[in-house]
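# Working through the structure, step by step
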Amino acid sequence: MNRRPLLRSVAGASTASALAGCTSSLEKRLSDPGSIDDRDPAPLTDGTNAWPREGFDAANTGYNPDAELLEAELAATRLTRDGAGIDTAFGGGGVAVVDDRCYFGTGSGDVVCQTSSGEHRWEYEADPAAGVRSIPSLARDVVYVSSDNGTYALDAEDGEELWTNDDAFVRYGSSVLTTDHLYAIGGGGVLALDVETGARDWSADAPHPHALAVADGTAYTASSSSAGGAAAVADGETDWTRDDLDDLRAPPVVAADVVLGCDGDGRLEALDREDGSTVWSYDRRGSGGVTPTVAHGQIYLPSGNGPRTVCLDLESGEELWDLATGLTRGQPVAVADALYL
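The sections below set out a description of the structure shown in this document. Residue positions are given per chain, counted from 1 along the sequence in the order it is written. Thresholds applied to this predicted model are a pLDDT of at least 70 for local features of residues and 80 or more for the giving and counting of side-chain atom pairs; totals over whole chains, interfaces and linings are not thresholded and use all residues. Hydrogens are left out, water is left out, and the side-chain values use all remaining heavy atoms of the structure.

## Thoughts on the side chain of Thr 291
Operational definition: Numbered from the N terminus, helices here are DSSP runs of H or I no shorter than four residues, and strands are runs of E no shorter than two. Think of it in three bands: with a 1.4 Å probe and only protein chains considered, a residue is buried below 20% of the maximum accessible area for its type, exposed above 50%, and partly exposed in between. The term polar contact refers here to a pair of N or O atoms within 3.5 Å; inside protein, the definition further demands a hydrogen-donor-capable atom paired with an acceptor-capable atom, and it admits residues adjacent in sequence only when both atoms are side-chain atoms. Only heavy atoms enter the contact rule, under which two residues are in contact if any of them lie within 4.5 Å.
The topology assignment puts Thr 291 in the loop between β21 (278-283) and β22 (293-295). By relative accessible area, which is 8% here, Thr 291 ends up buried. A polar contact is formed between the side chain of Thr 291 and the backbone oxygen of Pro 251, at a distance of 3.0 Å. Discounting chain neighbours no more than four positions away, the residues touching Thr 291 are Asn 60, Ala 250, Pro 251, Val 253, Pro 302, Gln 331 and Pro 332.

## Looking at the pairing of strand β14 (residues 211-215)
The side chains of a regular strand alternate, first on one face of the sheet and then on the other. Operational definition: Two strands qualify as a pair provided that DSSP identifies no fewer than 2 bridges between them.
Burial of β14 is extensive: five of the five residues sit out of reach of the surface. Neither face of β14 is left uncovered, since the one carrying Ala 211, Ala 213 and Ala 215 and the one carrying Leu 212 and Val 214 both have all their residues buried. Sheet topology note: the β14/strand β15 (residues 218-222) ladder contains five bridges and is antiparallel. Looking at β15, one finds that Val 214 is bridged to Ala 219. Between β14 and the antiparallel strand that follows it, β15, lie two residues; Asp 216 among them carries a positive phi value of about 55 degrees.

## Here's the deal with the sheet that holds strand β25 (residues 319-324)
Two orientations exist for strands paired in a sheet by backbone hydrogen bonds: parallel and antiparallel. Applicable threshold: Angles run from 0 to 180 degrees between N-to-C directions of axes, and those axes are lines fitted to C-alpha atoms, restricted for helices to the stretch in contact.
Spatial ordering of the open sheet is given by β22-β23-β24-β25, a layout of four strands whose pairing is antiparallel. Each edge of the open sheet is held by one strand with a lone partner, namely β22 and β25. Strand-to-strand twist of the sheet, defined as the mean angle between neighbouring strand axes without regard to direction, takes the value 20 degrees. In this structure, strand β23 (residues 298-301) lies alongside strand β24 (residues 308-313), joined through four bridges in antiparallel fashion. The residue bridging Tyr 300 from the neighbouring strand is Cys 311, located in β24.

## Considerations on a nonpolar patch on the surface
As a reminder of what qualifies: Here, patches come from residues exposed beyond 30% relative accessible area and free of salt bridges, joined within 9 Å for like charges and within 5 Å for nonpolar side chains (Val, Leu, Ile, Met, Phe, Trp, Tyr). Exposure was quantified through the Shrake-Rupley algorithm and a 1.4 Å probe, taking into account, for residues, occlusion by the shown protein chains and nothing else. The rule for a salt bridge is simple: a side-chain nitrogen of Lys or Arg has to be within 4 Å of a carboxyl oxygen of Asp or Glu.
Taken together, the side chains of Leu 320, Trp 321, Leu 323 and Leu 341 define a hydrophobic patch exposed on the protein surface, amounting to about 360 Å² of accessible area. Within the fold, Leu 323 resides in strand β25. Overall, Leu 323 belongs to the partly exposed group, its relative accessible area being 43%.

## Digging into the nonpolar core
Our working rule: Throughout, nonpolar core names a set of buried Ala, Val, Leu, Ile, Met, Phe, Trp, Tyr and Cys residues whose side chains join them through atoms within 4.5 Å.
With 18 residues, the main nonpolar core has Tyr 103, Val 111, Trp 122, Tyr 124, Leu 138, Val 143 and Leu 154 as its most contacted residues. The set of elements that each furnish at least two residues to this core consists of β2 (96-98), β4 (110-115), β5 (120-125), β7 (142-147) and β8 (150-155). Once you skip the residues sitting within four places of it in the chain, Tyr 103 turns out to touch Gly 94, Val 95, Ala 96, Val 98, Val 112, Cys 113, Trp 122, Pro 136, Leu 138, Val 143 and Ala 156. Residues Val 258, Ile 299, Leu 301 and Val 310 belong to the second largest nonpolar core, which totals 16 residues.

## Details of the environment of Val 279
Checked against the element boundaries, Val 279 lands in strand β21. Linking Val 279 and Val 258, residues 21 residues apart in sequence, is a C-alpha distance of 7.8 Å. Apart from the residues within four sequence positions on either side, Val 279 is in contact with Val 258, Ala 270, Leu 271 and Asp 272.

## Points about the state of the cysteines
In a disulfide, the sulfur atoms of two cysteines are held together by a covalent bond. Going by this rule: Note on terminology: disulfide denotes any pair of cysteine sulfur atoms within 2.5 Å.
The final tally for this structure, using the stated rule, is zero disulfides. Unpaired in this structure, Cys 113 has its nearest cysteine sulfur neighbour in Cys 102, at a distance of 8.0 Å.

## So, the sheet that holds strand β18 (residues 253-255)
With respect to topology, four strands assemble into an open sheet ordered β18-β19-β20-β21, the strand pairing being antiparallel. In the strand order of this sheet, the two ends are held by β18 and β21, each with one partner. Looking at each pair of strands side by side, their axes are set apart by 20 degrees on average, direction ignored. Looking at chain direction, β18 and strand β19 (residues 258-262) are connected through three bridges and run antiparallel. Its bridge partner lying in β19, Val 253 is registered against Leu 260.

## Let's talk about the pattern of salt bridges
For side chains bearing opposite charge, pairing can occur when the charged atoms are close. A full pass over the atoms with the stated rule returns eleven salt bridges. Salt-bridge contacts for Arg 242 lead to Asp 244; the nearest nitrogen and oxygen are separated by 2.7 Å. Residue Arg 242 is classed as buried on the basis of its relative accessible area, which comes to 14%.

## Some remarks on a negative patch on the surface
What counts here: Positive residues here are Lys and Arg, negative ones are Asp and Glu, while His and the chain termini are left out of the count. In plain terms, the charge of a residue is placed at NZ if it is Lys, CZ if Arg, CG if Asp and CD if Glu.
Taken together, the side chains of Asp 235, Glu 237, Asp 239, Asp 257, Glu 274 and Asp 275 make up a negatively charged region of the molecular surface. On the basis of relative accessibility, which here comes to 44%, the residue Asp 275 falls in the partly exposed class.

## Digging into the packing of aromatic side chains
This is how it is decided: Whether two aromatic rings pair depends on their centres lying within 6.5 Å, for rings of Phe, Tyr and Trp, where Trp uses its six-membered ring; planes under 30 degrees apart make the pair stacked, over 60 edge-to-face, and the rest tilted.
Inspection of every chain in the model, using the stated rule, returns seven aromatic pairs. Ring centres of Tyr 220 and Trp 240 lie 6.4 Å apart, and the angle between their planes is 45 degrees; this geometry places the pair in the tilted category. Separated by 20 residues along the polypeptide, Tyr 220 in strand β15 and Trp 240 in strand β17 (residues 237-242) bring together distant segments of the chain.

## A few points about the pairing of β19
Most of β19 sits out of view: five of its five residues are buried. By the alternation rule, side chains of β19 split into Val 258, Leu 260 and Cys 262 and Val 259 and Gly 261, which are all buried. Hairpin connection, β18 to β19: the antiparallel pair is bridged by two residues, and Ala 256 has positive phi, about 55 degrees. Where β19 meets strand β20 (residues 267-272), five bridges bridge the pair, whose relative direction is antiparallel. Among the inter-strand pairings, Gly 261 is bridged to a residue of β20, identified as Glu 269.

Now the structure itself:
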């Protein structure tokens, strides 16, 4: 599938010069598999106030222990316009933030960079056919993002296309960035892409994977298919699978010795990372599939379609408290000693 980058600078450009830029970028892509060159692909995580990807880290915990708590009153700034908003279909959509810049995908298929004050920096046309529902993953100098039809590496400063891989995609959640690899879905399994070139380093079979979390070089998958379930893969090999779990549409979370997955009815399963066996489960029927946050030795399970957010003990799954929050489908955000819903 051929795509052309559509980069719009802050100052704007004439139609002719924009088309010339598209042609030049397309020619470069066809003649060169791509490279980030000397740009730094190190993920942004420790010691930062940024929120650089979905779930904050590769394990998808939703917890930034190093960020500062908000003290001032919050002010709202509209980031999207002209109908090209963030697509929240299938529970996706959201914003990655570093310094004063926000990066997000739109329902019209663009990847956009704007400042927190609403200044438009750049946008890149990625997947107008399906839109971009996933949240970008931010490295020091590179933005990685996936859609239903491909995965893209872009220069964080100006949105220049560095490489693309049309075989790697995501359906729910987002692709997962680590120091060495970008993990996505393709070919009926999990793909580990080289962060510098986008080339496939390895692939591994997993039952109908739809969402991912990664810890210590192992990718854990969740599937919304009745023929899927959960799996763990590493270095091109499948470590274990669980085909008795279905409708795990929400992205999983890896914490301590377990991987957490929530099905469409709201049942939360804690699976042993080593063999996939059930350590404990928490049944909250009718709340829908959601992604929990893990922080402070506890699990914060958003209310989903139900009225109450629940706090569980990570080790035992015991319910510690609940709070009336109304409908809350998004993953909670844990910062330092606080939790934002």
